[in-house]
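# An overview of the molecular structure
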Amino acid sequence: MRRNFGNVAVLPERAPGYHALSAGEAFDISDCVCRAGTRSPIFGGEHAQVCISVVLSGVFHVRSPEGAAVVGPGALLLGNRSAPYEFRHVDDGGDRSLVIECSDALLDDALRSLGRSNRGTRPFARVCAPASLTSVNAVLLARQALESGQVEDLREAALAVVDAGVTLGSNPTETRVEVSDLQARRVARVLRYLESKFMEDCSLDTLADIAGLTSFHFLRMFRAVTGQTPRQLVIATRLGMAASALRGSRARITDVALDAGFGDLSHFTTSFTRAFGLSPRAYRARARQHA
């Protein structure tokens, strides 16, 4: 019988609002805790600096000149300087993000490292980068840094997040869609389910049933609204939680894979190695060396 996935640390309790965690010449880091729901007003503003936020929990709708999307855990929100943004809550339960505001020097360095020319204050062509194998390590580091609160952990996480954001954010989304309230609520139900039930049945038919749609209609709508397929989100979520378990427990690798929702050890090992650049065994060994 599959055990509950109980080895993921709980984020520190904080009151709603922005909580400054680290400030420096390269970047400022804040913990954004939100308790808003469907009856809350739309929240908007304008980014003072280039900003990348890691969504750690919850669901909401975001809009900017670069597009719109319903986002959930694992997504990176991408904000260009002086660009307006708008957050709208499509369900209750709140959300939480680690927010990183980047200096021009850090942004230039990140772009040069990728062989890209400086796009000034507008490096992003999309409003968000959905959870993926490319970003899963950065998201994991962000969560662990928030848990530890250590300055060096926060700095390492910030650099990893900026790297992932710049890598993924320069390509525009395939299409720009207007998201109706009904579509947003349907997707939000699925994202909430995946946040806590990622290790259980996440088949296309099951998720489509939660959304109240046929499998074909659900797949098309989910990808248009979130920028990824349900399977891509499930795999990225499971890999992040498995990596956390490898670092924080002595469970057998096979049990970690099963507890995270992988029914096939070979598939887990291949996907993990592709995402983290190390096999699960090597990843655990390296984590213990740096503990």
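Residues numbered from 1 in each chain as written. Predicted model: local features only at pLDDT ≥ 70, side-chain atom pairs only at ≥ 80, totals over all residues. Heavy atoms only, no water.

Moving on: the packing of helix α7 (residues 230-248) against helix α10 (residues 280-289). It is at 8 Å that the axes of α7 and α10 come closest, and there the two elements cross at 50°. The pairing of α7 with α10 is recorded here as oblique in orientation. As α7 packs across α10, the resulting crossing turns out to be right-handed. Note on element contacts: α10 touches α7 through P280, Y283, R284 and A287, opposite A243, A245, L246 and R247. Classifying every residue of the contact of α7 with α10 gives six nonpolar, no polar and two charged. (Axes fitted to C-alpha atoms, helices over the stretch in contact; angles between N-to-C directions. Helix = DSSP H or I, 4+ residues; strand = E, 2+ residues; numbered from the N terminus. Parallel < 35°, antiparallel > 145°, perpendicular 65-115°, else oblique. Left-handed = near helix turned anticlockwise from the far one by under 90°. Contact = heavy atoms within 4.5 Å. Nonpolar A, V, L, I, M, F, W, Y, C, P; charged D, E, K, R; others polar.)

On to the packing of aromatic side chains. Aromatic ring pairs are reported here in terms of the distance separating the ring centres and the angle at which the planes meet. For the structure on display, the rule yields 10 aromatic pairs. With a centroid separation of 5.4 Å and 50° between ring planes, the pair formed by F218 and F222 is classed as tilted. Here F218 pairs with F222, and both are found in helix α6 (residues 215-226), just four residues apart, close to one helical turn. One exposure class covers both F218 and F222, and it is buried. Consider the rings of F272 and Y283, whose centres lie 5.2 Å apart with planes at 80°: the pair is edge-to-face. One end of the pair, F272, is in helix α9 (residues 265-276); the other, Y283, is in helix α10, with 11 residues separating them in the sequence. Taken individually, F272 and Y283 each receive the classification buried, so the pair is uniform in this respect. One aromatic cluster is present, formed by F262, F268, F272, F276 and Y283 through successive ring pairs. (Phe/Tyr/Trp six-rings, centres within 6.5 Å; stacked < 30°, edge-to-face > 60°. Buried < 20%, exposed > 50% of the residue type's maximum accessible area, 1.4 Å probe, protein only.)

Inspection of every chain in the model, using the stated rule, returns 10 salt bridges. We note a salt bridge from R14 to D31, for which the minimum N-O separation is 2.6 Å. Linking R14 in the segment before β1 (17-23) with D31 in strand β2 (residues 27-34), this pair joins segments that are 17 residues apart in sequence. Classification of D31 as buried rests on a relative accessible area of 0%. A salt bridge links D109 to R112; its shortest N-O distance comes to 4.0 Å. Here D109 and its partner R112 are both found in helix α1 (residues 104-113), three residues apart, which amounts to about one turn of the helix. (Salt bridge = Lys/Arg side-chain N within 4 Å of Asp/Glu carboxyl O.)

Take the UniProt feature "domain: HTH araC/xylS-type" (unreviewed entry) in the protein next. In the numbering used here, UniProt assigns the "domain: HTH araC/xylS-type" (unreviewed entry) feature to residues 188-286. In residues 188-286, the share of helix is 76% and the share of strand is 0%. The end C-alpha atoms are 36 Å apart. (UniProt positions renumbered as here; feature names shortened; annotations may be inferred.)

Bringing the environment of R247 into the picture now. Following the sequence through the fold, R247 ends up in helix α7. What makes R247 partly exposed here is its relative accessible area of 41%. Distance from R247 to E195, taken between C-alpha atoms, is 20 Å for residues 52 residues apart in sequence. Apart from the residues lying within four places of it in its own chain, the contact partners of R247 are Q144, Y283 and A287. Looking at R247, its side chain comes within polar contact range of the side chain of Q144, at 3.4 Å. (Polar contact = N/O pair within 3.5 Å; in protein donor to acceptor, adjacent residues only side chain to side chain.)

The strand order β1-β2-β9-β4-β7-β10 describes an open sheet built from six strands, whose pairing is antiparallel. Sheet topology places β1 and β10 (128-129) at the edges, where each strand pairs with a single neighbour. (Pairing = 2+ DSSP bridges.)

A separate point is unusual backbone geometry. Of note, the phi angle at S82 is positive, near 70°, even though the residue is not glycine. Relative to the assigned elements, S82 resides in the loop between β7 (76-79) and β8 (84-88). S82 sits in the partly exposed class, given a relative accessible area of 41%.

Bringing a negative patch on the surface into the picture now. A grouping of E200, D201, D205 and D209 is seen on the molecular surface, where their side chains present a negatively charged patch. Note on placement: D201 falls in the loop between α4 (181-197) and α5 (204-211). (Patch = residues over 30% accessible without salt bridge, like charges linked within 9 Å, V, L, I, M, F, W, Y side chains within 5 Å. Areas by Shrake-Rupley, 256 points an atom, 1.4 Å probe, with all protein chains shown as cover. Lys, Arg positive; Asp, Glu negative; His and termini not counted. Charge placed at Lys NZ, Arg CZ, Asp CG, Glu CD.)

In this section: the environment of A129. Mapped onto the elements of the fold, A129 is located in strand β10. Those residues in contact with A129, other than ones at most four positions away along the chain, are G74, A75, L76, L78 and L168.

Another aspect to go through is the domain arrangement of the protein. Domain boundaries assigned for the protein yield domain 1 (17-169) and domain 2 (181-290). Distance between the C-alpha centres of domain 1 and domain 2: 21 Å. Across the boundary between the two partners, domain 1 contributes 24 residues, which contact 25 residues of domain 2. Around 1900 Å² of area is buried between domain 1 and domain 2 when both sides are counted, 62% of it from carbon and sulfur atoms. Along the contact surface separating domain 1 from domain 2 lie two salt bridges. Of the charged contacts in the structure, one is a salt bridge between D91 and R192, with a shortest N-O distance of 2.7 Å. Counting across the interface, domain 1 meets domain 2 through eight residue pairs in polar contact (both at pLDDT 80 or more). Residue assignment for the side of domain 1 that touches domain 2 shows that the elements contributing at least two residues are β4 (50-58), β6 (67-71) and α2 (136-148). Within the side of domain 1 that touches domain 2, the residues separate by chemical class into 13 nonpolar, eight polar and three charged. (Domains from an automatic or database assignment. Buried area = accessible area lost by both parts, 1.4 Å probe.)

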